[in-house]
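# Coordinate analysis (summary)
What follows is each chain in one-letter form.
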Amino acid sequence: EATSALMPFRSQELSDPNGLYYGQNAITGRLLHLHRQGLLNGNGFYLGVSGSGKSMACKIEAAQIILNTNDEVLFLDPEGEYSEFVRHLSTGNDCEVIDISTTSKARINAMDISAGYSDNPIAHKAEFLLSLCEQCIGVGKLNAMQKSIIDRCCSNVYRTYVSRGYQGRVPTLKTFYKELQKQPEAEAKEIALALELFVTGNLNIFSQPTNIRSDARITSFCTRGLGKGLKAVGMLVMLDAIENRIALNEQRGVRTWVFIDEIFVLFSYGNGVEGTTYSSEFLLSLWKTARKHNAILTGISQNISELLQSEIAKTMLGNSEFLVLLNQAGSDRVELARLLQ
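This is a predicted model, so every value here is computed, not measured.

### Examining the overall build of the chain
Secondary structure assignment for the chain yields 11 helices and nine strands. Rg of the C-alpha trace for the chain: 21 Å, near the compact-globule value of 20 Å for 341 residues, within the 12% margin. Taking the principal axes of the C-alpha coordinates as reference, the chain spans close to 80 × 45 × 35 Å. Per-residue burial for the chain yields a buried fraction of 52% across its 341 residues. For the chain, the exposed area adds up to about 15900 Å²; of that, 50% sits on carbon and sulfur atoms.

Shown next as structure tokens:
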């Protein structure tokens, strides 16, 4: 055993050229530098209990990206943890903190769609609307007929806009709502009623044309003001807005880094019940295609037990080459060890 301690290759070093700094090797004392873009899949996770340093670690990584590259950095921030960080990093008019709440003036059109959004933009937008309607109607309550109606109405409201090369007036949730009301089926009226709160009710902030900047290099989407019951809907709309931004940045040749805090909300929401496949699969679709569109996604979570209840989340964890595992709860350590072997 004493002799084996002298073997030179007992510790793996991470020292990628032009890599970002992620800490210190506990065995050799050398600095860890990793180039996430060079991995087969640069997407990853920061996992750890509350107070273990997830936010600090993410801010250290984001600061290096902002100060050393021309890449864009976006935060999906349910608790407002990154707002001050973004403001302090601003070097001029290159940052924006977007507070999404019923009292703010910021408006984001949930139906926004940009060129390059997807290889099949209308079908992909239909997946998003299925996710959104599911959050409004309830977990697992969308039946086959309702799904078909949502898909049909989505095609109707987007067909002309997309065929004209994304020119003209962008459809809004109000457009989709009115299209639902035109349908003869009773199920269409039920869907419209479930969406009413977000179209003509007090939470109509997602049913109006977008009035925020789309060119800020550092952006934080803060949904803290929506409250717990509406956080999942807000995060979903923000995620779709981020996907549109990724598409625009790809056309400009700009890499996009996305940090998604409290990512477990998109997998498990409401009394620990696993989110329906639409919400989680919408995120999974973005997770799979991010590299192709010059983007790197990072999930942040302290509720690891809820993440591990979702098969889709476990698939994403197992396929991510970048994982920062900070202090874990005892039960979570066992589950993570089993998942990651």
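From this point, things continue past the structure.
### Re the side chain of Gln-183
Note that Gln-183 resides in the loop between α5 (173–182) and α6 (186–199). Taking relative accessible area as the criterion, Gln-183 reaches 8% and is therefore assigned buried. Engagement of the side chain of Gln-183 in a polar contact is seen with the backbone oxygen of Glu-179, the distance being 2.8 Å.

### Section: the pattern of salt bridges
Applying the stated criterion across every chain yields a total of 10 salt bridges. Here Arg-255 ties to Asp-71 by a salt bridge, and the two come within 3.7 Å at their closest N and O atoms. Residue Arg-255 is located in the loop between α7 (231–252) and β7 (256–260), and its partner Asp-71 is located in the loop between α1 (54–68) and β4 (72–77); the two are separated by 184 residues in the primary sequence. For Arg-255, a relative accessible area of 24% gives the class partly exposed. One salt-bridge network, held together by shared partners, links Glu-72, Arg-245 and Arg-252.

### A look at the packing of helix α3 (residues 121–137) against α7
Relative orientation of the contacting elements α3 and α7 amounts to 165°, with a least axis distance of 9 Å. Judged on the interaxial angle alone, α7 and α3 are roughly antiparallel. The hand of the α3/α7 crossing is left-handed. Seen from α3, the contacting residues are His-124, Lys-125, Phe-128, Ser-131, Leu-132 and Gln-135; seen from α7, they are Ala-232, Val-233, Leu-236, Val-237, Asp-240, Glu-243 and Asn-244.

### A word on the sheet that holds β4
Reading across from one edge, β5-β6-β4-β7-β8-β3-β9 is the order of the seven strands in this open sheet, with parallel pairing throughout. Edge positions in the open sheet fall to β5 (95–99) and β9 (322–325), since each of these has one partner strand only. If you compare each strand with its neighbour and ignore which way they point, the axes differ by 10° on average. The sheet contact formed by β4 and strand β6 (residues 218–222) spans five bridges and is parallel. In the sheet register, Leu-76 faces β6, and the bridge partner there is Phe-221.

### Regarding α6
In this model, α6 (14 residues) spans 19 Å end to end at C-alpha, consistent with the 20 Å of a helix rising 1.5 Å per residue. At Leu-193, α6 is bent by approximately 30°, the largest bend along its length. Buried within α6 we find Ala-188, Ile-191, Ala-192, Leu-195, Phe-198 and Val-199.

### Points about the pairing of strand β1 (residues 20–24)
Bridge count for β1 against strand β2 (residues 31–34) is four bridges, and the pairing is antiparallel. By the bridge assignment for β2, Tyr-21 is matched with His-33. Counted between consecutive antiparallel strands, the loop separating β1 from β2 contains six residues, among which Gly-29 sits at a positive phi close to 85°.

### Concerning the nonpolar core
Ile-100, Phe-128, Leu-129, Leu-173, Phe-176, Phe-206 and Leu-283 are the most contacted members of the largest nonpolar core, which has 79 residues in total. Per-element accounting of this core gives the leading share, 10 residues, to α7. Apart from the residues lying within four places of it in its own chain, the contact partners of Leu-173 are Asn-109, Ala-110, Met-111, Leu-129, Leu-132, Phe-198, Val-199, Phe-206 and Ser-207. Among the nonpolar cores identified, the runner-up in size contains 24 residues, and Tyr-46, Ile-65, Ile-66 and Cys-95 belong to it.

### Structural notes on a nonpolar patch on the surface
Together, Tyr-21, Leu-31, Met-56 and Ile-60 make up a nonpolar patch on the protein surface, roughly 370 Å² of accessible area in all. Along the chain, Leu-31 turns up in strand β2. The exposure class assigned to Leu-31 is partly exposed, which follows from its relative accessible area of 46%.

### Examining the confidence of the model for the chain
Across the chain, pLDDT averages 86, with 92% of residues at or above 70. Here residues 269–276 is modelled with pLDDT under 50, and outside its nearest four sequence neighbours on either side it reaches 22 contacts, counting other chains as well.

So, how was this worked out
- Residues numbered from 1 in each chain as written.
- Predicted model: local features only at pLDDT ≥ 70, side-chain atom pairs only at ≥ 80, totals over all residues.
- Heavy atoms only, no water.
- Helix = DSSP H or I, 4+ residues; strand = E, 2+ residues; numbered from the N terminus.
- Rg over C-alpha atoms; globule rule 2.2 N^0.38 Å.
- Buried < 20%, exposed > 50% of the residue type's maximum accessible area, 1.4 Å probe, protein only.
- Areas by Shrake-Rupley, 256 points an atom, 1.4 Å probe, with all protein chains shown as cover.
- Polar contact = N/O pair within 3.5 Å; in protein donor to acceptor, adjacent residues only side chain to side chain.
- Salt bridge = Lys/Arg side-chain N within 4 Å of Asp/Glu carboxyl O.
- Axes fitted to C-alpha atoms, helices over the stretch in contact; angles between N-to-C directions.
- Parallel < 35°, antiparallel > 145°, perpendicular 65-115°, else oblique.
- Left-handed = near helix turned anticlockwise from the far one by under 90°.
- Contact = heavy atoms within 4.5 Å.
- Pairing = 2+ DSSP bridges.
- Expected span 1.5 Å × (residues − 1).
- Bend = angle between axes of the 7 residues up to and from the residue.
- Core = buried A, V, L, I, M, F, W, Y, C linked by side-chain atoms within 4.5 Å.
- Patch = residues over 30% accessible without salt bridge, like charges linked within 9 Å, V, L, I, M, F, W, Y side chains within 5 Å.
- pLDDT = per-residue confidence, 0-100.

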